[in-house]
Number of protein chains: 4
Amino acid sequence: MDKKSTFEGLKAVYINCTLKKSPEVSHTAKLMRVSEARMRHEGVNVERIRLIDYKVATGVYPDMTEHGWDQDDWPEIVKRIRAADILVIGSPIWLGEKSSVAQKLIERLYAMSGETNEKGQYSFYGKVGGCILTGNEDGLKSTAKNILYALQHIGFSIPPQADCGWLGEVGPGPSYGDIEWEGERLSEPAGFANEFTKRNSTFMTYNLLHLAQMLKEQQGYPSKGNSASDWDQGERWAFENPEYR
Amino acid sequence: MDKKSTFEGLKAVYINCTLKKSPEVSHTAKLMRVSEARMRHEGVNVERIRLIDYKVATGVYPDMTEHGWDQDDWPEIVKRIRAADILVIGSPIWLGEKSSVAQKLIERLYAMSGETNEKGQYSFYGKVGGCILTGNEDGLKSTAKNILYALQHIGFSIPPQADCGWLGEVGPGPSYGDIEWEGERLSEPAGFANEFTKRNSTFMTYNLLHLAQMLKEQQGYPSKGNSASDWDQGERWAFENPEYR
Amino acid sequence: MDKKSTFEGLKAVYINCTLKKSPEVSHTAKLMRVSEARMRHEGVNVERIRLIDYKVATGVYPDMTEHGWDQDDWPEIVKRIRAADILVIGSPIWLGEKSSVAQKLIERLYAMSGETNEKGQYSFYGKVGGCILTGNEDGLKSTAKNILYALQHIGFSIPPQADCGWLGEVGPGPSYGDIEWEGERLSEPAGFANEFTKRNSTFMTYNLLHLAQMLKEQQGYPSKGNSASDWDQGERWAFENPEYR
Amino acid sequence: MDKKSTFEGLKAVYINCTLKKSPEVSHTAKLMRVSEARMRHEGVNVERIRLIDYKVATGVYPDMTEHGWDQDDWPEIVKRIRAADILVIGSPIWLGEKSSVAQKLIERLYAMSGETNEKGQYSFYGKVGGCILTGNEDGLKSTAKNILYALQHIGFSIPPQADCGWLGEVGPGPSYGDIEWEGERLSEPAGFANEFTKRNSTFMTYNLLHLAQMLKEQQGYPSKGNSASDWDQGERWAFENPEYR
């Protein structure tokens, strides 16, 4: 089979949680594009959302216009996430943490966790998630932990090495893709030559594709033992632990 | 097909990282047994390891007897993990964190990440991981983040809702399964009636099984785009990002 | 000396980072008021800010109206923080993390870290910080870590036991101060009787006061060894480590 | 006054939580020595403990020989900590986290939190804490958060900028002080020229000294509002919050 066609039919959404509105330059976007380009090269339908360019309300309900907010673009955005097989969250790192925009995204995703699919599972079951992070010095792993944990908590599956990013040496310094620092031109854009970043962004991209493909072929997870609706109706799948009786 | 037979042939290892040596009572073990019993009920081959009962050396090499330690049970333990499809790490929570025994386990697992399988992938690729945590008041999610992140970093896949546990109300209080507190007998063992703990331990157990089964049938992940050996030999899978050239 | 007068002259700002706009009920506010009342009782000048009721822009500059935002209430808010000796950040816990509003607050505080006082120290030197958190089940310590770390990073001092909060048993349940849950009236508001929460909110409050008082009497930290301006001008305080030469 | 004499009489303990036994080279020790040398230069009495060289038992009791362990050097070590005004914890970073040895240290410190001083406060009240961390690529802030949080939780005070360390660019690379990498000699030991690391280790050192000096002069914290013993005896410091009645 033609390798290029393997992943055709898959759909991915990349959400950039930069603090900067368009058209300001987002360093995180530069690394996200590398992964996006890979996916497109593999025939995947890729969408890109820069969250701060939208009017997304703050809160923990699916539609905040029902809770006192004048406008809320979230219901439209979540439709695009629902239509995708893969969600990649990008974020800058500030003081060692994901951005407030990324935190808001997670709050809004979490607000959907009451919804279930036709099997009674949380509605993000069957999708896979990853993240792309950039900072100038520290915090990739701790930020990735929080994002990947939140995703798996609400139903996403996490393949191996599902995060990637770039960090410079500790202390102030250029951000990913900067071409100058403190007035001096760099020999190449910061981080572009980093072998580890290139490798991990590749591995992340393909692992997301492989697992998404696998789950798509299986039509997601069987509902035995994980259907919230079935549980609520008293189903215990023919087993009650003796200690609990 | 008989549902009971679906998961036969799968093998799981549960590692309890309690700070207490046998035969002291481990509260975490009580919750781990619920999940283990479920797996056995589904025909899975389940092994249980209480890490502190072994002489596992401290360090970041596969065999610390080659680095100045007299004894190291780790090489034997890692064989059992390698033979399994599923790894579940159990840990108590102390001051909001996993135990030092769990941290040592992760250091030793991490030390194996230089090894690759026959496809050139990290050797834990194709396995799935989860965790079971108990504390009396706080720290389940933050502890789970660290454990699940470490697992996915070294090659494990993480299905949805791959953690479970029990916590009491904030402040001092009984631990999971305690039958008395401050001299008074409890109406039932602490946490045993908690619906959320029961549900999540069930969901975790089945999601680990479903994903392990899926990966086993697929013989793990295809090596395209994630083989460390291929990468080291210059393979880039027919694509070089324009920005990187 | 009259104990009541000891803390007179101190000023504290409590910032509530609830996701809910006024006049919705904030559970976190209920616990914050306990600490605020204590401080007022001790003669402290206490201000309360509910951040989401203001138009605070997103970004990492002191005034975002200079960076493309139409409005930014932050410059007014930071004046109130600068005038205070004590800053207490309150936040609800969502999926184990502080709110996006709290994250935005930290981003904006961090943006001020370029400013220095007359000694050349970061401008928050000499102030003390603490936090108050409420959630229904998990995440107090991990959330407090992030907030307290950020505060000390930008110049605040952290006294012992500088955080407090309330969490219920793991799983869905009432939030702090709720008087009913799933349609049933509770015997008392959730968490109000929790001895640990009462004690820790008291200890936090007094430790903030004691340290703030001490630092005020000493006019903050001496500048030896911590003045950013002096460092930038080459001051090394009569010592150069041999290894660094 | 002679500046050199200001800090005379203070005592500091530096505990290195490297995973490597003596005489193996600890990269973390190299940075710890810079801070230690500063303190000695200021007349401070400095002790150094390499924890893994001792037989410290695992567990959460003050003396584990009373709980089934043959040997436990902890009671001797904790005496040295009790005699000091300042505690600095050093740790390498592995997979983004502090070492298992550092986690064990925190478990053992936490086990002492039942003890109170003559004012009825937790016994570490009046002492200050900081941390020094080294890794080759990531995790300084998240590791520092955990260590500093644990210290303040059990009674230590945290001055501004109480952590320091070194990290290289993301990906594999030399550790702090390494003089070669992948067979090539480096122009200078890794990290030694990093201005940020030099500055922060200086600031941390002096801020620990300033706050320790201040607390020593004040004989620690007044006991109003923070004495565990007084609380247990019903003392509420002339105030009961109306909402709690």
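These remarks concern the structure in this document.

What counts as what
Residues numbered from 1 in each chain as written. Chains lettered and ligands numbered in written order. Predicted model: local features only at pLDDT ≥ 70, side-chain atom pairs only at ≥ 80, totals over all residues. Heavy atoms only, no water. Helix = DSSP H or I, 4+ residues; strand = E, 2+ residues; numbered from the N terminus. Rg over C-alpha atoms; globule rule 2.2 N^0.38 Å. Buried < 20%, exposed > 50% of the residue type's maximum accessible area, 1.4 Å probe, protein only. Areas by Shrake-Rupley, 256 points an atom, 1.4 Å probe, with all protein chains shown as cover. Lys, Arg positive; Asp, Glu negative; His and termini not counted. Charge placed at Lys NZ, Arg CZ, Asp CG, Glu CD. Least-squares fit on C-alpha atoms with pLDDT ≥ 70 in both. Contact = heavy atoms within 4.5 Å. Disulfide = S-S within 2.5 Å. Phe/Tyr/Trp six-rings, centres within 6.5 Å; stacked < 30°, edge-to-face > 60°. Lys NZ or Arg CZ within 6 Å of the ring centre and 35° of its normal. Polar contact = N/O pair within 3.5 Å; in protein donor to acceptor, adjacent residues only side chain to side chain. Buried area = accessible area lost by both parts, 1.4 Å probe. Salt bridge = Lys/Arg side-chain N within 4 Å of Asp/Glu carboxyl O.

A word on the overall build of chain A
- Each helix and strand counted, chain A has six helices and eight strands in total.
- Along chain A, helices and strands appear, N-terminal first, in the series β-α-β-α-β-β-α-β-α-β-β-β-α-α.
- Taking 18 Å as the expected radius of gyration for a compact globule of 245 residues, we find that chain A reaches 20 Å, a close match to that expectation.
- With 245 residues in all, chain A has 67% of them scored as buried.
- Total accessible area computed for chain A in this model is approximately 8,700 Å², and 47% of it derives from carbon and sulfur atoms.
- A distance of 3 Å separates the average location of the 29 positive side-chain charges in chain A from that of its 34 negative side-chain charges.

Quick word on the relation of the copies chain A and chain B
- You can overlay chain A on chain B at an RMSD of 0.0 Å; the transform is a turn of 180 degrees with a shift of 0.0 Å along its axis. Here the symmetry operator amounts to a two-fold rotation axis. Among all residues of chain A, the minimum C-alpha distance to the rotation axis is found for Ile158 of chain A, at 2.5 Å.
- The residues that chain A uses at the interface reappear at the interface of chain B in 100% of cases, marking a shared surface.

A short note on helix H3 (residues 100–110) of chain A
- The element H3 of chain A is largely enclosed, with a buried count of nine among its eleven residues.
- Within H3 of chain A the residues assigned to the buried category are Ser100, Val101, Ala102, Gln103, Leu105, Ile106, Glu107, Arg108 and Leu109 of chain A.

Thoughts on the state of the cysteines
All names here are of chain C.
- Enumeration over the complete set of coordinates arrives at zero disulfides over all chains.
- For Cys17, which is in no disulfide, the shortest distance to another cysteine sulfur is to Cys131 and amounts to 10 Å.
- Of all cysteine sulfurs in the structure, the one in Cys164 sits closest to Cys131, which takes part in no disulfide; the separation is 7.6 Å.

With respect to the packing of aromatic side chains
- Summed over the entire model, instances satisfying the criterion amount to 32 aromatic pairs over all chains.
- By way of ring pairs, the aromatic residues Phe7, Phe203 and Tyr206 of chain A together with Trp231 and Trp237 of chain B are connected into one cluster.
- A cation over an aromatic ring shows up here: Lys21 of chain B above the ring of Trp69 of chain D, its NZ or CZ 3.8 Å from the ring centre.
- One residue, Arg236 of chain B, lies across the ring of Trp231 of chain B, its end atom 3.4 Å from the ring centre.

Quick word on the relation of the copies chain D and chain C
- For the pair chain D and chain C, the relating rotation is 180 degrees, the translation along its axis is 0.0 Å, and the fit reaches an RMSD of 0.0 Å.
- Of all interface residues in chain D, 100% are interface residues in chain C too; the two copies therefore contact each other through one and the same surface.

Brief notes about the environment of Ile89 of chain A
Residue and element names in this part refer to chain A.
- Considering the arrangement of structural elements, one finds Ile89 in strand S3 (residues 86–94).
- By relative accessible area, Ile89 is classed as buried at 0%.
- For the pair Ile89 and Met32, spaced 57 residues apart in the sequence, the C-alpha separation amounts to 9.1 Å.
- Excluding residues within four positions of it along the chain, Ile89 makes contact with Ile15, Cys17, Leu105, Leu109, Gly130, Cys131, Ile132, Ile147 and Leu151.

So, the environment of Asn136 of chain D
All names here are of chain D.
- Within the secondary structure, Asn136 is located in the loop between strand S5 (128–134) and helix H4 (140–153).
- Expressed as a C-alpha distance, the spacing of Asn136 and Val170, which sit 34 residues apart in the sequence, is 7.6 Å.
- Not counting residues within four places of it along the chain, the set of residues in contact with Asn136 comprises Leu167, Gly168, Glu169, Gly171, Pro172, Gly173, Pro174 and Ser175.
- For Asn136, the side chain forms a polar contact with the main-chain oxygen of Gly171, separated by 3.2 Å.

A look at the interface of chain A and chain B
- The interface of chain A with chain B comprises 60 residues on the first partner and 60 residues on the second.
- Carbon and sulfur atoms supply 58% of the area buried between chain A and chain B, which totals about 5,800 Å² over both sides.
- For the pair chain A and chain B, the number of links is four salt bridges.
- Glu195 of chain A serves as the salt-bridge partner of Arg236 of chain B, at 3.0 Å between the closest nitrogen and oxygen.

Function-wise, these values are silent; they only describe arrangement.
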